[in-house]
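# Examining the three-dimensional arrangement
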There are 2 protein chains.
Amino acid sequence: MSRSQSAPDSTALTPVFDAEREVVEVVGRLMEFWGFRRHLGRTWAVLYLSPEPLTANDLADRLQLSASAISLTVGELLQWGAVKKTRVPGDRRDFFVAETSIWKLVTRVLSQRELALVRDTAETLVRAAAALDAGRRAGQIDAARARFVRKRIDKLRLLSSVGERLLGAFVSGRTLDVGAVREVADRDGIDVSVDGDEGGADA
Amino acid sequence: MSRSQSAPDSTALTPVFDAEREVVEVVGRLMEFWGFRRHLGRTWAVLYLSPEPLTANDLADRLQLSASAISLTVGELLQWGAVKKTRVPGDRRDFFVAETSIWKLVTRVLSQRELALVRDTAETLVRAAAALDAGRRAGQIDAARARFVRKRIDKLRLLSSVGERLLGAFVSGRTLDVGAVREVADRDGIDVSVDGDEGGADA
DNA sequence: CGAACCTTTCAAAGATTTCTGAAACCTCCG
DNA sequence: CGGAGGTTTCAGAAATCTTTGAAAGGTTCG
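Sequence order as written defines residue numbering, which begins from 1 separately in each chain. Whichever chain is written first is A, and whichever ligand is written first is 1; the rest continue in order. Reporting in this predicted model follows two pLDDT cut-offs: at least 70 for local features of residues, and 80 or more for side-chain atom pairs to be given and counted; totals over whole chains, interfaces and linings ignore these cut-offs and use all residues.

### Some points on the overall build of chain A
The numbering of helices and of strands both runs from the N terminus, where a helix is a DSSP run of H or I of at least 4 residues and a strand a run of E of at least 2. Within chain A, the regular secondary structure consists of 7 helices and 4 strands. Counting from the amino terminus, helix and strand elements in chain A follow one another as α-α-β-α-α-β-β-α-α-β-α.

### Quick word on the sheet that holds strand S1 (residues 54–55) of chain A
Consider a sheet: its strands pair through backbone hydrogen bonds, and that pairing is either parallel or antiparallel. All names here are of chain A. An order of S1-S3-S2 is seen for the 3 strands of this open sheet, with the pairing classed as antiparallel. Looking at which strands have only one partner, the edges of the open sheet turn out to be S1 and strand S2 (83–87). Bridge count between S2 and strand S3 (residues 94–98): 5 bridges; the pairing is antiparallel. Its bridge partner being in S3, Arg87 is matched across the sheet by Asp94. We call two strands paired when DSSP finds no fewer than two bridges between them.

### Let's talk about the sheet that holds strand S1 (residues 54–55) of chain B
Residues and elements named next belong to chain B. If you walk across this open sheet you meet the 3 strands as S1-S3-S2, and the pairing is antiparallel. Both outer strands of the open sheet, S1 and strand S2 (83–87), are each paired with one neighbouring strand and no more. Bridge analysis of S1 against strand S3 (residues 94–98) gives 2 bridges, and the strand direction is antiparallel. Opposite Thr55, over in S3, you have Phe95 as the bridge partner.

### Examining the domain arrangement of chain A
Residue and element names in this part refer to chain A. Boundaries between domains were set according to an automatic or database domain assignment. Per the domain assignment, the segments making up chain A are domain 1 (10–100) and domain 2 (103–196). Each partner contributes to the interface: domain 1 provides 4 residues, whereas domain 2 provides 4 residues. Under this grouping Gly is polar, as are all residues other than the nonpolar Ala, Val, Leu, Ile, Met, Phe, Trp, Tyr, Cys and Pro and the charged Asp, Glu, Lys and Arg. The residue makeup of the side of domain 1 that touches domain 2, split by class, is 2 nonpolar, 1 polar and 1 charged. What counts as a contact is two residues whose backbone-derived C-beta atoms lie within 7 Å of each other.

### Topic: the protein's contact with DNA strand C
In this entry, near means the residue's backbone-placed C-beta atom lies within 6 Å of the molecule or strand. In the vicinity of DNA strand C there are 19 residues, among which Ser68 and Ala69 of chain A together with Ser68, Ser71 and Asp94 of chain B approach most closely. At the level of elements, helix H4 (67–79) of chain A together with helix H4 (56–63) and helix H5 (67–79) of chain B are the ones that each hand at least two residues to the surface near DNA strand C. Top element by residues in the surface near DNA strand C is H5 of chain B. It accounts for 5 residues. Of the residues that constitute the surface near DNA strand C, the class distribution is 6 nonpolar, 8 polar and 5 charged.

### Here we look at the protein's contact with DNA strand D
Residues in close proximity to DNA strand D total 19 residues, the closest being Ser68 and Asp94 of chain A together with Ser66, Ser68 and Ala69 of chain B. At the level of secondary structure, the elements contributing two or more residues to the surface near DNA strand D comprise helix H3 (56–63) and H4 of chain A together with H5 of chain B. Residue classes in the surface near DNA strand D are distributed as 6 nonpolar, 8 polar and 5 charged.

### Quick word on unusual backbone geometry
All names here are of chain A. At Gln64, a residue that is not glycine, the phi angle is positive and equals roughly 60°. Take Gln64: it is sitting in the loop between H3 and H4. Put plainly, a residue is buried at 20 or more neighbouring C-beta atoms within 10 Å of its own, exposed at 12 or fewer, and partly exposed in between, counting only other residues' C-beta atoms, which are placed from the backbone. Residue classification places Gln64 among the exposed residues on the basis of 10 C-beta atoms within 10 Å.

### Re H5 of chain B
All names here are of chain B. Along its 13 residues, H5 runs 18 Å from first to last C-alpha, staying within 8% of the 18 Å computed at 1.5 Å per residue. What H5 keeps buried is the set Ile70, Thr73, Val74 and Leu77. The buried side chains of H5 occupy one side of the element, clustering within an arc of 95° when seen end-on. Within H5, the exposed residues directed more than 90 degrees away from the buried face are Ser68, Gly75 and Gln79. On its buried face, H5 sits against helix H3 (38–48), H4, S2 and S3. Count one or two residues on from H5 and you reach Gly81, which has phi positive near 70°. Here a helix's expected span is defined as the number of its residues, less one, multiplied by 1.5 Å. When we speak of the arc, we mean the arc of directions from the helix axis to the C-beta atoms.

### What about the confidence of the model for chain A?
Residues and elements named next belong to chain A. Per-residue pLDDT for chain A averages 83, and the proportion of residues at 70 or more is 79%. The quantity known as pLDDT measures the predictor's confidence residue by residue, on a range of 0 to 100. In the model of chain A, helix H7 (residues 178–196) stands out as the element of lowest mean pLDDT, 54, in contrast to helix H2 (residues 38–48), which has the highest, 98. Taken as a whole, residues 1–16 scores under 50 in pLDDT and shows 24 contacts with residues more than four places along the chain or in a different chain. Counting contacts from residues 190–203, a segment whose pLDDT is below 50, to residues more than four positions away or on other chains yields 11 contacts.

### Regarding the packing of H3 of chain A against H4 of chain A
Packed helices, taken two at a time, are described by the angle between their axes plus the distance between the axes. All names here are of chain A. Lines fitted to C-alpha atoms define the axes, with helix axes restricted to the stretch in contact, and inter-axis angles between N-to-C directions lie between 0 and 180 degrees. Between H3 and H4, the shortest axis-to-axis distance is 9 Å and the interhelical angle comes to 110°. On the basis of the axis angle, H3 is roughly perpendicular to H4. Counting all contacts with H3, which are made through Ala56, Leu59 and Ala60, the residues of H4 involved are Ala67, Ile70, Ser71 and Val74. In terms of residue class, the contact of H3 with H4 is built from 6 nonpolar, 1 polar and no charged. When describing relative orientation, an angle under 35 degrees is termed roughly parallel and one over 145 degrees roughly antiparallel, while 65 to 115 degrees is termed roughly perpendicular and anything else oblique.

### Topic: the packing of H2 of chain A against H3 of chain A
All names here are of chain A. Between H2 and H3, the least distance of the axes is 11 Å, while the angle of their chain directions is 115°. In this structure, the crossing between H2 and H3 has a hand that is right-handed. On the side of H2, the interface is formed by His39, Arg42, Thr43 and Val46, while H3 contributes Leu59, Arg62 and Leu63. Considered class by class, the residues forming the contact of H2 with H3 number 3 nonpolar, 2 polar and 2 charged. Each helix crossing is assigned a hand: it is left-handed if the near helix lies turned anticlockwise from the far helix by less than a right angle, otherwise right-handed if that turn is clockwise.

Right, dumping it as structure tokens:
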């Protein structure tokens, strides 16, 4: 079929070796676990294990997916910078290569996706705390209860700021002192328990 | 407080304040993002924001879920230790409380779920590498290509071991030197490029 | 011991998410 | 220009994952 480049030797087109397939699948699972579609991982892995760039068709063959599915998948990978598009002079088709610096990929996702999430969460928590205070001032809420909820929200806020810091440090390659972070989190835990009730660490 | 309803004051039963609801939703999203069902997060959050233990029924009311859904959800939360079951003397019903040490929860999930995943991945990679070598020795595979794939698999292996180390350090509260880790990952990146072809780090 | 009340289980219904095939779009070549 | 790939879009089909209602299972109290 695709006579030209992408696959000079026959082995490359036959159902890939078991080894290769296993890797592709495991990467797929990994990515899925990470919140991406499984096929994103599988697709990236196929490219990653290929010495030459592959066409959409090659991918469709190896992954047993339709052309449209490949288009979608590859599109998303391109957006994340996990794959690059290449063109070969005499050939109309698009060729794809995997970005090989996994570290770069990981940090990119962390800083775009996860960080956004954490920020969003933090923002919501702030808003919630404000709303609560407003209600409290207006006397619409049982005071004791409001105080309790407020404390819990504050703990969540602290946590989210810790998370944000961790992510930030991680992404920028700084050193993380997890011990210190944990201390903060735990200290707060105790705070809450004073009011809430549980004091003992348990099992 | 104890006997009849877990919620002595009316406010506790009425559709929770906006503030509370917002928090519940945001935690739900967070958990969903983390690979749990959204309702696990929502359920935990409701308990976390409640001064008193709640019954399955209370939860069903506030979360708009059926009794069976609550049972499932709470069951899973119990398994993760995110919620504890309590009983009140004169009452047949089960009451639930949220585990408040979020740090404990996070590390538990990391060490049980994520670490297992990473280990599993590592194992698969080893197996794949072995299979590849076997095929190579048997001469069933194009040698150059086999070498290439082998290198890539090795890089993935390195990565996974780095991940395992990071997780381990994180969980046990040690200090992580992300910088060092990254260096390892990158050094390897260069290694591969020698053989593969890409030399330039890019944008 | 048996009735009352909860909780859990499980097959089926309901929602979502993902994939596909057909058609619309491009782009490059002749 | 006209056409032959190749790629993207999109609505519907298919596969998955969730939630529910009903029934079975357990406990507690009288």
